[in-house]
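Below, each chain spelled out in residue letters.
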Amino acid sequence: MYVCICNAITEDDVHGCLSGGRCGTAKEVKAACGFKPGCGSCTKRLHAMVSEYRTASELADALTGGPAPLAAVPGGPAAPAAPAAADPIVPPAPVTGTETGAAPPTAA
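Thresholds applied
- Residues numbered from 1 in each chain as written.
- Predicted model: local features only at pLDDT ≥ 70, side-chain atom pairs only at ≥ 80, totals over all residues.
- Heavy atoms only, no water.
- Core = buried A, V, L, I, M, F, W, Y, C linked by side-chain atoms within 4.5 Å.
- Buried < 20%, exposed > 50% of the residue type's maximum accessible area, 1.4 Å probe, protein only.
- Helix = DSSP H or I, 4+ residues; strand = E, 2+ residues; numbered from the N terminus.
- Contact = heavy atoms within 4.5 Å.
- Axes fitted to C-alpha atoms, helices over the stretch in contact; angles between N-to-C directions.
- Parallel < 35°, antiparallel > 145°, perpendicular 65-115°, else oblique.
- Left-handed = near helix turned anticlockwise from the far one by under 90°.
- Nonpolar A, V, L, I, M, F, W, Y, C, P; charged D, E, K, R; others polar.
- Salt bridge = Lys/Arg side-chain N within 4 Å of Asp/Glu carboxyl O.

Participant: Tell me about the nonpolar core, residues and numbers included.
Facilitator: Judged by nonpolar contacts, the single largest core of 16 residues is most densely connected at Val14, Leu18, Val29, Phe35 and Leu46. Breaking this core down by element, the ones donating at least two residues are β1 (2-4), α1 (11-19), α2 (26-33) and α3 (43-64). Per-element tally for this core: the top contributor is α3, with 4 residues. Excluding anything up to four places from it in sequence, Phe35 contacts Cys4, Asn7, Ile9, Val29, Lys30, Cys42 and Leu46.

Given below as structure tokens:
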């Protein structure tokens, strides 16, 4: 989703900047992501995202006992997802009479 329509900056761009450790404030995010003055409707959302990141980072520090950098989500725009390996199709083995669990015929 776009954070700034005027500059075509997405949430992934902002999250990448924050998680990469390059940015810690809204001003640093604006500089790193290339925000140029526009309508200004993105400012409130950008400040909220930075605040959410700081809260999550502080919570992670409290739970783990130390600072732990948040990593970008795998498969995001910075790291394209690797194609899944195709499972080979293996035909079933032929079934013989003794493998089915049936008793062999007996003479009466």
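Participant: Any chance you could break down the packing of α2 against α3 for me, citing the residues and the numbers?
Facilitator: It is the contact of α2 with α3, at a shortest axis distance of 9 Å, that shows an interaxial angle of 110°. Taken together, α2 and α3 sit at an angle that is classed as roughly perpendicular. Where α2 crosses over α3, the two elements pack in a sense that is right-handed. Residue-level contacts link Ala26, Val29 and Lys30 of α2 to Thr43, Leu46, His47 and Val50 of α3. By residue class, the composition of the contact of α2 with α3 is 4 nonpolar, 2 polar and 1 charged.

Participant: Any details on the pattern of salt bridges? Residues and values, ideally.
Facilitator: Between side chains of opposite charge, pairing is possible as soon as their charged atoms come close. Using the criterion set out here, one finds 2 salt bridges in the structure. The salt bridge partner of Arg45 is Glu11, with a shortest N-O separation of 3.1 Å. Here Arg45 is found in helix α3, whereas its partner Glu11 is found in helix α1, with 34 residues between them in sequence. The exposure class of Glu11 is buried, given its relative accessible area of 19%. One salt bridge in this structure joins Glu52 and Arg45, with 3.9 Å as the shortest N-O distance. Judged by its relative accessible area of 45%, Glu52 falls in the partly exposed class. Given a relative accessible area of 33%, Arg45 falls into the partly exposed group. In this structure, a network of salt bridges that share partners links the residues Glu11, Arg45 and Glu52.

Participant: An account of α1 is requested, with residue identities and associated values reported.
Facilitator: Three or more residues of α1 are buried, namely Glu11, Val14, Cys17, Leu18 and Ser19. On its buried face, α1 sits against β1, β2 (9-10), α2 and α3. Remark: Gly21 follows α1 within two positions and exhibits a positive phi of approximately 85°.

Keep in mind these values describe shape, not function.
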